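# Structural description and commentary
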Amino acid sequence: MNTYSVQKMAKLAGISIRTLHLYDQIGLLKPSIRTEAKYRLYGEKELLRLQQILFYKELDIPLKEIQAILDNPDFDLVEALLSHKTSLQARHDRISTLLETIDKTVNHLKTGTIMLKPEELYEGLAMQTVESYRAEASKKYGVKVVEHSEKALGKMTKEQFEALKTELKENASALFAFKEKDPTNVQVQKLIARHYEIIRVFWGTSGSGDKQAEAYKGLGQLYVSDERFTTIDGHPQPEYALFLSKAMAYFADNHLK
């Protein structure tokens, strides 16, 4: 069996020896062998576990939660790797979109490019559908809330608005891939946290002191009661809608109050 010293392990992973010592102390990553001279030696099993630790850290999950995930008897390495791939690809795409948005915004500031026109908020939708959506939203949230949202979105460039819609779509795809999981799952809640931030931008309340917990839970209930919001490729997804609603309610109750 190949073994790796602390120095070799640290070099392979691009982390410090002190970090490995910390992981050992808290029980997150223990060496497979301790020699009589008290040297730590790691095997392939520990190498793979360290890879998982670093993947989860990249997703900003605390060490204590990482340990609970990895020590869970139901933990599946292949499933975890596929999940990491999905999450990291979504992050990669989001960063690429943000970089493009920055370039376009700089260009706007330099050249005075026209910002988003009101009608572009509903581009691709029939006017009858637009009026129906606005009427329903106004009835549920109030005319001022709808107008505030439209005004905030209207300040974006078309490119920024398209990037926002793309991010929401990617977030929805990632959540759909997890629809069979527990809505309180750590990875699900990470995606829901991002969903919440995206929705706040659409509402024009990003950065507001009011966390809008009840409004966000209400949106989750709307997903269940109105299949239009969770229809994919023309097919209603009631189970996905219920999963979203539960995940959003859990997030609101545990992180927004």
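Quick notes on the rules
Residues numbered from 1 in each chain as written. Predicted model: local features only at pLDDT ≥ 70, side-chain atom pairs only at ≥ 80, totals over all residues. Heavy atoms only, no water. Helix = DSSP H or I, 4+ residues; strand = E, 2+ residues; numbered from the N terminus. Areas by Shrake-Rupley, 256 points an atom, 1.4 Å probe, with all protein chains shown as cover. Axes fitted to C-alpha atoms, helices over the stretch in contact; angles between N-to-C directions. Parallel < 35°, antiparallel > 145°, perpendicular 65-115°, else oblique. Contact = heavy atoms within 4.5 Å. Nonpolar A, V, L, I, M, F, W, Y, C, P; charged D, E, K, R; others polar. Salt bridge = Lys/Arg side-chain N within 4 Å of Asp/Glu carboxyl O. Buried < 20%, exposed > 50% of the residue type's maximum accessible area, 1.4 Å probe, protein only.

This part takes up the overall build of the chain. What the chain contains, in helices and strands, is 11 helices and 3 strands. The order of helices and strands in the chain, counted from the N terminus, is β-α-α-β-β-α-α-α-α-α-α-α-α-α. As displayed, the chain has an accessible area near 15800 Å², and 55% of this comes from carbon and sulfur atoms.

It is at 10 Å that the axes of helix H8 (residues 158-177) and helix H11 (residues 238-255) come closest, and there the two elements cross at 100°. In terms of orientation, H8 and H11 fall into the roughly perpendicular class. Contacts between H8 and H11 pair Ala172, Leu175 and Phe176 from the former with Tyr240, Phe243 and Leu244 from the latter. Taken together, the residues of the contact of H8 with H11 break down into 6 nonpolar, no polar and no charged.

We now examine the pattern of salt bridges. Per the counting criterion, the structure on display carries 8 salt bridges. For the salt bridge of Lys30 with Asp24, the shortest nitrogen-to-oxygen distance reads 3.6 Å. The exposure class of Lys30 is partly exposed, given its relative accessible area of 45%. What makes Asp24 buried here is its relative accessible area of 4%. Measuring nitrogen to oxygen at the nearest pair gives 2.5 Å for the salt bridge that ties Lys181 to Glu79. With a gap of 102 residues between them, Lys181 in the loop between H8 and helix H9 (186-203) and Glu79 in helix H5 (residues 77-111) connect regions that are remote in the sequence. On the basis of relative accessible area, Glu79 is assigned to the partly exposed category, the value being 40%. What emerges from the salt-bridge pattern is a single network uniting Asp24, Lys30, Arg34 and Arg40.

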